[in-house]
Amino acid sequence: MPVFNQSRSRIIRLLFIVVFLVIAGQLFYLQIVSGKYRRMADENAILRKTIYPPRGLVFDRKKRAILNNTLTYDLMVTPSQAKGIDTAFFCRLMEIDTAEFRKRVVTAIIKNSSQKPSVFEASLSPQKFARIQENLWKFHNGFYLQERPIRSYPYNAGANIFGYLGEVDTNYLKKHAEEGYVSGDYAGMTGLEASYEKVLMGERGTQVLIKDNFNRIQGSYENGALDVEAVAGKNLYTSLDIDLQEYGEKLMSNKVGSIVAIDPKTGGIIAMVSSPTYNPGLLTGAERRKHFSELYIDARSPLLNRAVNASYSPGSTFKTLQALVGLQDGVITTKTTFSCSGAFYGCGSSKPMHCLDAGTYYLRTAITHSCNTYFANVMQRVINNPKFPNIDSSLRSWNNYMYAFGLGHKLGVDVPTEQSGNIPTPEFFNNPKRYGKGHWNFCTFRSVSIGQGEVNVTPLQVANEMAYIANKGWYIIPHIVDSIEGGDEFGLLEKYRKKNVPMEIPDSIFEAVHDGMQGVMEGGTGRGSKVEGITICGKTGTVENNAVIKGQLVKQPNHSFFCAFAPRENPKIAIMCVVENSGRYGGSYAAPITSLMIEKYINDTISAKRIAVEERMINTNLIPPLMMQEMRRMDSLKRNKETDNELKKELKIIKDTLQTEDNPTEGEIKSEKSKDSNLPFKGKGKRISSRDILDADRQRLLKNKNGLTRI
């Protein structure tokens, strides 16, 4: 063979070798070094599903499940893989239009990028779930169904205690960046769900599934070798008595206010009623957002937990604490008397502070009959006590007492958003925007002596105050959760194990106050709520209040207040009730409701003699006038909106019927409807249906349009 041919042959062989090596190297890079195509293949053949664990259950004091779980399905979307599908068909299945489809996909991309799955629609209804499951294979890799536990409520009670779950947003993800949340997760937003989120949430798992070329699940990938099991959340055991909670909510129906009941020995909250309330099941499931919007704008503010978020002047219930301070400071004894001619004139005769019953009172009878003059004199002596160099220091001493009694600061209950209330301090009055230093004295704030004016408390604080008095000088921070299954890993319950003894006050002083409170129930302002066989120590309160209307303070009907503990010996319950704007005294509504709660808890039943009282309390409607006015306004707005929506639907039907460009407007429809006053009734008082109205409108409008009468 010529040398030239041999050289050319070598070159060709060399070229083949080089090309082979290049191809082999590229294949090695694509398949071994780069995972791009492997990932693409995996994405087509493998589905990694998050497995959400069941949240921990919640039990009441009798070990009954009061917060449970059930299953729902979310439809998930991965936007980058949701291309090329039959959008119109998909929208028909989901009962949405294409604009809504695009909006949801864009939202998913903004929230979680186009490469990661996001919730397209949460908690599918059974009908949608069935339709989607049957046709899911048609939508490639873009959509899949995600099983997720949601809350169920065996009892229609305790909504403001439990709180609700919500999908985490970007702010939540930033705030809890180290806790493993991702877009699409749900977390506790309020109530116990939020306070104990760490223990209730559990740990997410992962399931790796293999799909066929029609996107249908074929089973576990590699027999589940890559799966990670979810870990269920821990259960909570509470001090709540769900029967008493339900009973309290029933008693407070059609009323605004709160009931808080505490076991004084443990600090465990037995019941925490906020009224008006709502069905806790409304904020779970397919229509959660709709219901939340309705509750959010409800004029009755059912989402507000008044037990910890609302604050009130305590009225005469405050006199029990003034008695403790006066006795401990030595400015009075149990035998000290003050005479009342119908008002307190200790700050001059120009502005007397009126009393209901004239007479001469000592401590027991002053508490029993709630004498304003007596307790104004007591606080005046406390503030003007010569052992203090100035009024700042004497008021500071009084502040310290109130702080020790649990007022003027957050107690630390395990329900979020607790308010601190207000106990006036020297700084409060020294503020130039109020009085300024040196420009105030006892007479400036004399109404505080009877629980009015600048003092404000939450219902929780008043119930805890009763526990403090019942225990003769100590309390445990009120709480709902007693224990956590498997132990308190995060130390959430440590502060609820400590007995708080803020100051040393002799038992004899508490006994003197107990005597007066027992007298309230036996012959005083609460005598109408006495319960046979149970020695109740109580105190009524009638609380004046105002509302700002058009920039002016306007007097409103009085709040009805009552607080108590029972039995006197070995107390089992400390409780308070406030009924807003009842317009009556503390003994009129709050006292009967409280005594029924006490009887129900201690005796587990209501005696036949008191059934009439029970029925009267349940059936009495005390919704405040201002709230009723706002409810009517909101109802009117809602009706107008519904009317507008109905008009739009009617207009669409008419347009579809006429099939012409010359269609009536919404204004014309409104005008025509207003002309015919006979439409609402047909025959002898029989109301016609909406279909009758619609047909009549269509006929009339059709006649007015160029003589067209065809339907």
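Every chain is numbered on its own, with residues counted from 1 as its sequence reads. Local features in this predicted model are restricted to residues whose pLDDT is 70 or higher, and side-chain atom pairs enter the listing and the counts only when it is 80 or higher, whereas totals over whole chains, interfaces and linings include all residues. Just so you know, side-chain values use all the structure's heavy atoms and leave hydrogens and water out.

1. Looking at the packing of helix α10 (residues 242-251) against helix α20 (residues 590-603)
Thought 1: For helices, the fitted line uses only the C-alpha atoms of the stretch in contact; every axis is such a line through C-alpha atoms, and the angle between N-to-C directions lies from 0 to 180 degrees. Secondary structure elements follow DSSP: runs of H or I no shorter than four residues count as helices, runs of E no shorter than two count as strands, and numbering proceeds from the N terminus. At their nearest, the axes of α10 and α20 sit 10 Å apart, and the two run at 160 degrees to each other. Here α20 runs roughly antiparallel to α10, going by the angle between their axes. Judged by the twist between their axes, the crossing of α10 over α20 is right-handed. From α10, Leu244, Tyr247, Gly248 and Leu251 reach across to α20, where they touch Ile593, Leu596, Met597, Lys600 and Tyr601.
Thought 2: Three categories are distinguished: nonpolar for Ala, Val, Leu, Ile, Met, Phe, Trp, Tyr, Cys and Pro, charged for Asp, Glu, Lys and Arg, and polar for the others, with Gly belonging to the last. For the contact of α10 with α20, the residue count by class is seven nonpolar, one polar and one charged. Note that the term roughly parallel is reserved for angles under 35 degrees, roughly antiparallel for angles over 145, roughly perpendicular for angles of 65 to 115, and oblique for everything else. Two helices crossing with the near one rotated counterclockwise from the far one by less than a right angle form a left-handed crossing, whereas a clockwise rotation gives a right-handed crossing. Whether two residues are in contact is decided by their heavy atoms, any of which lying within 4.5 Å being enough.

2. What about the packing of helix α13 (residues 319-329) against helix α16 (residues 391-404)?
Thought 1: Interaxial distance between α13 and α16 falls to 11 Å at its minimum, and their mutual angle equals 125 degrees. As judged from the angle between their axes, α13 and α16 are oblique. The two elements α13 and α16 cross, and the hand of that crossing is right-handed. Residues Leu321, Gln322, Val325, Gln328 and Asp329 of α13 form the contact with α16, whose own contacting residues are Trp398, Tyr401 and Met402.
Thought 2: Looking at the contact of α13 with α16 residue by residue, the class counts come to five nonpolar, two polar and one charged.

3. Examining the side chain of Glu167
Thought 1: Mapped onto the secondary structure, Glu167 falls in strand β6 (residues 165-167).
Thought 2: What qualifies as a polar contact is a pair of N or O atoms within 3.5 Å, subject to a donor-acceptor requirement within protein and to the restriction that residues adjacent in sequence count only when both atoms come from side chains. Among the polar contacts made by the side chain of Glu167, one reaches the side chain of Lys111 at a distance of 3.2 Å.
Thought 3: Once residues lying within four places of it in the same chain are set aside, the contact partners of Glu167 are Lys111, Val119, Gly184, Asp185, Tyr186, Met189 and Arg289.

4. Topic: the packing of aromatic side chains
Centre distance and the angle of the planes are the two values used to describe a pair of aromatic rings.
Thought 1: The criterion for an aromatic pair is that two Phe, Tyr or Trp rings (for Trp, the six-membered ring) have centres within 6.5 Å, with stacked assigned to planes under 30 degrees apart, edge-to-face to planes over 60 apart and tilted to the rest. Within the structure shown, the criterion is met by 28 aromatic pairs.
Thought 2: Aromatic ring contacts, followed pair by pair, group Phe89, Phe90, Phe101, Phe120, Phe139 and Phe143 into a single cluster.
Thought 3: Its guanidinium or amino end placed over the ring of Phe428, Arg434 lies 3.8 Å from that ring's centre, counting from NZ or CZ. Both a distance and an angle decide whether a charge sits over a ring: NZ of Lys or CZ of Arg must be within 6 Å of the ring centre and within 35 degrees of the ring normal.

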